[in-house]
Amino acid sequence: MDSTVRRDQRIVLVTGASRGIGAEAAAQFGAAGAHVVVNFREKRKRAENVVDGIVAAGGSASVLGADVCDPAAVETMVEEIGRMSGRLDTLVLNASGGLERDADPGYALRLNRDAQVNLATAMLPLMPEGGRIVFVTSHQAHFIHENDNVPSGYAPIARSKRAGEDALRALIPEFRSRGVGFTVVSGDMIDGTIIVRLLERRDPDSVESRRAAGPLPTVEDFARVIVAAGTEAVADGHTYFVGGDDYLAAGALTR
Ligand SMILES: NC(=O)c1ccc[n+]([C@@H]2O[C@H](COP(=O)([O-])OP(=O)(O)OC[C@H]3O[C@@H](n4cnc5c(N)ncnc54)[C@H](OP(=O)(O)O)[C@@H]3O)[C@@H](O)[C@H]2O)c1
């Protein structure tokens, strides 16, 4: 076991934790006493800064780079975490994308569905009874079948994330057979994120219409719920909703 990891600590892997919501969730897990494995794809320096912040605040964390779309890199991650701590208590499937300028048309599904399923399946043998898998998504993806009024260009990404959620939900019996729970955290547009700042320039009406429905949650609000979803006792398959009461009022709460 890594000398920075204590036996009584929850081991938490947050994918895509080099910035934004993942970085804040990592910081909050660290502040709550977990050892946080901060995953990144490209931005090692940013991920190291997230780790340094957690350590400076008295917590423990380590950095682990991997493109989650690359099965070999995921396998290496499994081995590294196995070597470091022998187990993974909470897996937060936060990394997401598809709007990147160089993304090919199949990338969103490969990342938001196939890679999530592969990662959850690959990590499962490391997860003890009482472990938890958390899938992070947006209302615009979660409710895409009921409401496809999403920012221009976002519909394929929203569908790919909903496909990822559905594919993971189909695995609940397998997770359950190992004593591992599964939860989903779905949020409205989150204030202060790069995506929302980008949309404010490219498609300001889409952000304005969400603001008109009520104040947008902050990154800190959303991360707090991710931490709860990764730790607290709750029904298997539960969906936590953050912001966007109008989506819920539209009658889709049961999904
Ligand atoms: N932003 C919102 O308004 C909003 C609202 C509701 C839900 N959400 C959900 O919250 C989550 C985080 O969103 P965000 O806005 O914080 O994202 P973001 O700022 O775009 O950050 C994405 C993170 O994912 C990493 N990443 C991207 N592709 C990856 C890959 N193939 N393998 C490993 N890591 C990868 C990036 O790492 P590198 O920088 O190192 O490449 C980065 O750390 C997503 O699931 C999103 O759907 C966001």
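Given the structure is predicted, the values throughout are model-derived calculations rather than measurements. (Residues numbered from 1 in each chain as written. Predicted model: local features only at pLDDT ≥ 70, side-chain atom pairs only at ≥ 80, totals over all residues. Heavy atoms only, no water.)

Here we look at the overall build of the protein
Consideration 1: Scanning the protein for helices and strands turns up 11 helices and 7 strands.
Consideration 2: On C-alpha atoms alone, the protein measures out to a radius of gyration of 17 Å, which is about the 18 Å that the 2.2 N^0.38 rule sets for 255 residues.
Consideration 3: Its C-alpha atoms put the protein at 50 × 40 × 35 Å along the principal axes.
Consideration 4: When the accessible surface of the protein is split by element, carbon and sulfur atoms take 51% of a total near 11500 Å². (Helix = DSSP H or I, 4+ residues; strand = E, 2+ residues; numbered from the N terminus. Rg over C-alpha atoms; globule rule 2.2 N^0.38 Å. Areas by Shrake-Rupley, 256 points an atom, 1.4 Å probe, with all protein chains shown as cover.)

So, the sheet that holds strand 5 (residues 132-138)
Consideration 1: Pairing is parallel in the open sheet, where 7 strands are placed in the order 3-2-1-4-5-6-7. If you trace the sheet from one side to the other, it starts and ends with strand 3 (60-65) and strand 7 (239-242), each paired once. Here the average twist between neighbouring strands, direction ignored, is 20°.
Consideration 2: Of the pairings in the sheet, the one linking strand 1 (residues 11-14) to strand 2 (residues 35-40) comprises 4 bridges and is parallel in character. From the neighbouring strand, Ile11 faces strand 2, where its bridge partner is His35.
Consideration 3: Packed onto the sheet, helix 2 (residues 44-56) meets strand 2 and strand 3 and runs at close to 170° relative to strand 3. (Pairing = 2+ DSSP bridges. Axes fitted to C-alpha atoms, helices over the stretch in contact; angles between N-to-C directions. Contact = heavy atoms within 4.5 Å.)

Remarks on the site of the ligand
Consideration 1: Taken together, 31 residues lie around the ligand, and Ser18, Arg19, Lys43, Asn94 and Ile190 are the ones closest in.
Consideration 2: Backbone polar atom of Val136 to an oxygen atom of the ligand: 3.4 Å apart, as the coordinates give it.
Consideration 3: Across the complex, the protein chains shield 94% of the 910 Å² of accessible surface that the ligand would expose by itself.
Consideration 4: Broken down by element, the residue count for the shell around the ligand peaks at 3 residues, all from strand 5.
Consideration 5: Taken together, the residues of the shell around the ligand break down into 14 nonpolar, 10 polar and 7 charged. (Near = heavy atom within 4 Å. Polar contact = N/O pair within 3.5 Å; in protein donor to acceptor, adjacent residues only side chain to side chain. Nonpolar A, V, L, I, M, F, W, Y, C, P; charged D, E, K, R; others polar.)

Overview of a positive patch on the surface
Consideration 1: Positive charge collects at one region of the surface, where Arg101, Arg197, Arg201 and Arg202 lie side by side.
Consideration 2: As for its position among the elements, Arg202 is in helix 8 (residues 194-202). (Patch = residues over 30% accessible without salt bridge, like charges linked within 9 Å, V, L, I, M, F, W, Y side chains within 5 Å. Salt bridge = Lys/Arg side-chain N within 4 Å of Asp/Glu carboxyl O. Lys, Arg positive; Asp, Glu negative; His and termini not counted. Charge placed at Lys NZ, Arg CZ, Asp CG, Glu CD.)

Description of the packing of aromatic side chains
Consideration 1: The final tally for this structure, using the stated rule, is 3 aromatic pairs.
Consideration 2: Here the aromatic rings of Phe143 and Phe241 are separated by 5.7 Å at their centres, their planes lie at 15°, and the arrangement is stacked. Separated by 98 residues along the polypeptide, Phe143 in the loop between helix 5 (139-142) and helix 6 (155-169) and Phe241 in strand 7 bring together distant segments of the chain.
Consideration 3: Relative to Tyr247, the ring of Phe143 lies with its centre 5.4 Å away and its plane at 20°, an arrangement referred to as stacked. Here Phe143 is found in the loop between helix 5 and helix 6, whereas its partner Tyr247 is found in helix 11 (residues 245-252), with 104 residues between them in sequence. Exposure class is identical for Phe143 and Tyr247. Each is buried.
Consideration 4: In this structure an aromatic cluster arises from ring pairing among Phe143, Phe241 and Tyr247. (Phe/Tyr/Trp six-rings, centres within 6.5 Å; stacked < 30°, edge-to-face > 60°. Buried < 20%, exposed > 50% of the residue type's maximum accessible area, 1.4 Å probe, protein only.)

Thoughts on the packing of helix 3 (residues 71-85) against helix 4 (residues 107-123)
Helix packing geometry: the angle between the two helix axes and the distance between the axes.
Consideration 1: Contact geometry of helix 3 with helix 4 gives a least axis separation of 10 Å together with a crossing angle of 30°. Between helix 3 and helix 4, the angle falls in the class roughly parallel. Crossing of helix 3 against helix 4: the hand is right-handed. For the pair helix 3 and helix 4, contact is made by Pro71, Val74, Glu75, Met77, Val78 and Ile81 and by Asn118, Leu119, Ala122 and Met123, respectively.
Consideration 2: Considering only residue class, the contact of helix 3 with helix 4 consists of 8 nonpolar, 1 polar and 1 charged. (Parallel < 35°, antiparallel > 145°, perpendicular 65-115°, else oblique. Left-handed = near helix turned anticlockwise from the far one by under 90°.)

Remarks on the environment of Ala235
Consideration 1: Turning to its location among the elements, Ala235 is positioned in the loop between helix 10 (219-231) and strand 7.
Consideration 2: Taking the C-alpha atoms as reference points, Ala235 and Thr183, separated by 52 residues in sequence, lie 8.2 Å from one another.

Notes on the nonpolar core
Consideration 1: Ranked by size, the top nonpolar core spans 35 residues in total, and within it Leu88, Leu91, Met123, Ile133 and Phe175 carry the most contacts.
Consideration 2: Sorting the residues of this core by element identifies strand 1, helix 3, strand 4 (90-93), helix 4, strand 5, helix 7 (172-177) and strand 6 (181-187) as the ones contributing at least two each.
Consideration 3: When residues of this core are assigned to their parent elements, the largest contribution, 7 residues, is made by helix 4.
Consideration 4: One finds Val50, Ala61, Val134 and Val219 within the second-largest nonpolar core, a separate group that totals 30 residues. (Core = buried A, V, L, I, M, F, W, Y, C linked by side-chain atoms within 4.5 Å.)

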